[in-house]
Amino acid sequence: PLLYSVPEELSHQAKMGAFVQVPLRNRMCSAIVEQVFAQKPFTTFALKPLHAVETIPHDNHYVQFIGTLAAYYQVDQLHFLKRIRQFLLTNAADELLESCLKPDTITPKKVTVLTQEQSAVCDFMVEHIKTPKFTPTVLHGVTGSGKTEIYKRLIEVAFKEGKTVLLLLPEVTLAVQFMLLLQQQLDHEIPILTFHSATSPKEKKRVWQLLLAQQPCLIIGVHLPILLPIPNLGLIIIDEEHDAGYQEKKHPKINSKEVALLRAKYAGIPILLGSATPSLASLYNVKEKGWHFFQLKKRFSGAFPKVDLVYL
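Scope of this entry: the structure provided in the associated data block.

What counts, and where the lines are drawn
- Numbers given to residues run from 1 along each chain, matching the order in which its sequence is written.
- With pLDDT at 70 or above as the cut-off, local features in this predicted model cover only qualifying residues; side-chain atom pairs require 80 or more to be listed or tallied, and sums for whole chains, interfaces and linings still use all residues.
- Remark: hydrogens and water are excluded; side-chain values derive from all non-hydrogen atoms of the structure.
- Strands here mean DSSP runs of E at least two residues long; helices mean DSSP runs of H or I at least four residues long; both are numbered from the N terminus.
- Residue exposure (1.4 Å probe, protein chains only): buried if accessible area is under 20% of the type maximum, exposed if over 50%, otherwise partly exposed.
- Contact between two residues is taken to exist if any of their heavy atoms lie within 4.5 Å; hydrogens are not considered.
- Values of accessible area rely on a 1.4 Å probe in the Shrake-Rupley scheme; residue burial ignores everything except the protein chains shown.
- Only four residue types enter the tally: Lys and Arg on the positive side, Asp and Glu on the negative side; His and the chain ends are excluded.
- Every charge is mapped onto a representative atom, which is NZ of Lys, CZ of Arg, CG of Asp or CD of Glu.
- Here the expected span of a helix is defined as 1.5 Å times the quantity of residues minus one.
- Counted as salt bridges are all cases of a side-chain nitrogen of Lys or Arg within 4 Å of a carboxyl oxygen of Asp or Glu.
- Centres within 6.5 Å make a pair out of two Phe, Tyr or Trp rings, where for Trp the six-membered ring is used; the pair is then stacked when the planes are under 30 degrees apart, edge-to-face when over 60, and tilted otherwise.
- Think of it as a cone above the ring: NZ of Lys or CZ of Arg counts as a charge over the ring if it is within 6 Å of the ring centre and within 35 degrees of the ring normal.
- Strand pairing requires that DSSP identify at least two bridges connecting the strands.
- Here the axes come from fitting lines to C-alpha atoms, over the contacting stretch only for helices, and the angles between their N-to-C directions go from 0 to 180 degrees.
- For the purposes of this section, nonpolar cores are sets of buried Ala, Val, Leu, Ile, Met, Phe, Trp, Tyr and Cys residues that join through side-chain atoms within 4.5 Å.
- Patch rule: a residue counts if its relative accessible area is over 30% and it has no salt bridge; like charges are joined within 9 Å, and nonpolar side chains (Val, Leu, Ile, Met, Phe, Trp, Tyr) within 5 Å.
- Each direction from the helix axis to a C-beta atom contributes to the arc, which is the arc of those directions.

In terms of helices and strands, the protein chain carries nine helices and 10 strands. Dimensions along the principal axes, computed over C-alpha positions, put the protein chain at roughly 80 × 50 × 45 Å. The proportion of buried residues among the 312 residues of the protein chain is 48%. Pairs at least 24 residues apart make up 77% of the contacts formed inside the protein chain by residues separated by at least 6 positions. Total accessible area on the protein chain is roughly 17,200 Å²; 55% of this is exposed by carbon and sulfur atoms. If the 34 positive side-chain charges of the protein chain are averaged to one point and the 28 negative ones to another, these points end up 3 Å apart.

In structure tokens, the structure reads:
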């Protein structure tokens, strides 16, 4: 920690947890305000003034969340802010985006009547969206049972409540396809944005502007969305929660599913983990830690595939 003086014009902004620009030798660096003193502490040298307070979306739980995350992974808190900033300035992977734009993956919008199993999940989750509470819930749905229909219904409810939803998927290609699908099938009033390696600079900037304006939206991605400061976060959905794709391979090797659970806990909001083959860790938490559990045993459309056992 280094000491700086606070100019009068920045005194109302430079509070604990604020991100600021400070002079360090011959360059400007980012810093987090860890403590504010009413009087100048005893020092034998003159204090340099901080240069500016950075404008980031106001999230009451963000500093505590980032602090815990940094301690757990043994990295500096600024690592996460730098990563977001660097990503905002990086161009998208155009080739990847083009490979994902397949018209045959898009289904036209239609009115869907939920089954009794789907309605039970929605009713439970909606209650905790409207009255926020940390509620980890595992959704075990066989392939074709309509988990996406539940996601869509919950996203619409959260948006009407003025809350932003994070939808995490284990691969960028899946994230792009989900974006195309939901753009066709959700209410056009809901801003649907992506925040991953195939996201254009223009859309990245739009995500940041919506967060600064505290406007509700849907943000789809793999790892990075969970690190964003989000003022009105109301729900986190993790699809294919068993997938190893949520485990990053580069330092500090963050597991985005675990981070999402931590984020939901600090924000006091529900989190839904969906899969046709739930992880053993999630099933253990259902049994031992009281996580909620729902099953979709019937296929939403079509019959189950015929299975033959072939002895080799």
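From this point, the narrative continues.
Taking 1.5 Å of rise per residue, the 14 residues of helix H6 (residues 172–185) would be expected to cover 20 Å, and the 20 Å separating its terminal C-alpha atoms lies within 8% of that figure. Among the residues making up H6, those that are buried are Val172, Ala175, Val176, Phe178, Met179, Leu180, Leu181, Leu182 and Gln185.

What follows covers the pattern of salt bridges. Going through the model one piece at a time under the given rule, you end up with five salt bridges. Arg263 serves as the salt-bridge partner of Asp59, at 2.8 Å between the closest nitrogen and oxygen. You can see Asp59 sitting in the loop between strand S3 (52–53) and helix H1 (62–73) and its partner Arg263 sitting in helix H8 (residues 256–267), a full 204 residues away along the chain. Among the residues examined, Asp59 registers a relative accessible area of 10% and is labelled buried. With its nearest N and O atoms 2.5 Å apart, the salt bridge here joins Glu248 to Arg83. Of this pair, Glu248 sits in the loop between strand S8 (233–239) and H8 while Arg83 sits in helix H2 (residues 78–88), and the two are 165 residues apart along the sequence. Owing to a relative accessible area of 7%, Glu248 belongs among the buried residues under this scheme.

Our next topic: the packing of aromatic side chains. Under the criterion given, the structure shown has four aromatic pairs. Relative to Tyr73, the ring of Tyr72 has its centre 5.0 Å away and its plane inclined at 90°; by these criteria the two rings are edge-to-face. When the ring centre of Phe87 is taken as reference, the NZ or CZ atom of Lys204 above it lies at 4.0 Å. In this structure, Arg263 is placed above the aromatic ring of Phe65, and the distance from its NZ or CZ to the ring centre is 4.9 Å.

For the rest of this paragraph, the subject is the sheet that holds S3. In space, the three strands of this open sheet follow the order S2-S1-S3, with antiparallel pairing throughout. Only two strands of the sheet have a single neighbouring strand rather than two, namely strand S2 (27–32) and S3. Pairing between strand S1 (residues 19–24) and S3: two bridges, direction antiparallel. Along S3, the bridge assignment pairs Gln21 with Ala52. Across the sheet, H2 touches S1 and S2, and the angle it forms with S2 is around 120°.

Moving on, we come to the nonpolar core. Residues Phe80, Phe195, Ile219, Leu228, Ile236, Ile238 and Ile271 are the most contacted members of the largest nonpolar core, which totals 45 residues. The biggest single contributor to this core is H1, with six residues. Once residues within four sequence positions are removed from consideration, Phe195 is found in contact with Ile84, Phe87, Leu88, Lys204, Val207, Ile219, Ile220, Gly221, Leu224, Pro225 and Leu228. Listed in part, the 37 residues of the second largest apolar core include Leu154, Met179, Phe294 and Leu296.

This next bit is on a nonpolar patch on the surface. Together, Leu280, Leu283 and Phe293 give the surface a local cluster of nonpolar side chains, amounting to about 290 Å² of exposed area. Among the secondary structure elements, Leu283 is positioned in helix H9 (residues 280–288).

A separate point is helix H7 (residues 201–212). For H7, which comprises 12 residues, the first-to-last C-alpha distance of 17 Å matches the rise-based estimate of 16 Å (1.5 Å per residue) to within 8%. For H7, the complete set of buried residues consists of Glu203, Lys204, Val207, Trp208, Leu210 and Leu211. Buried positions in H7, seen along its axis, are confined to an arc of 165° and lie on one side of it. Across H7 from its buried face, at more than 90 degrees, point the exposed residues Lys202 and Lys205. Packed against the buried residues of H7 are H2, strand S6 (192–194) and strand S7 (218–221).

Such coordinate-based values are descriptive only and should not be taken to indicate function.
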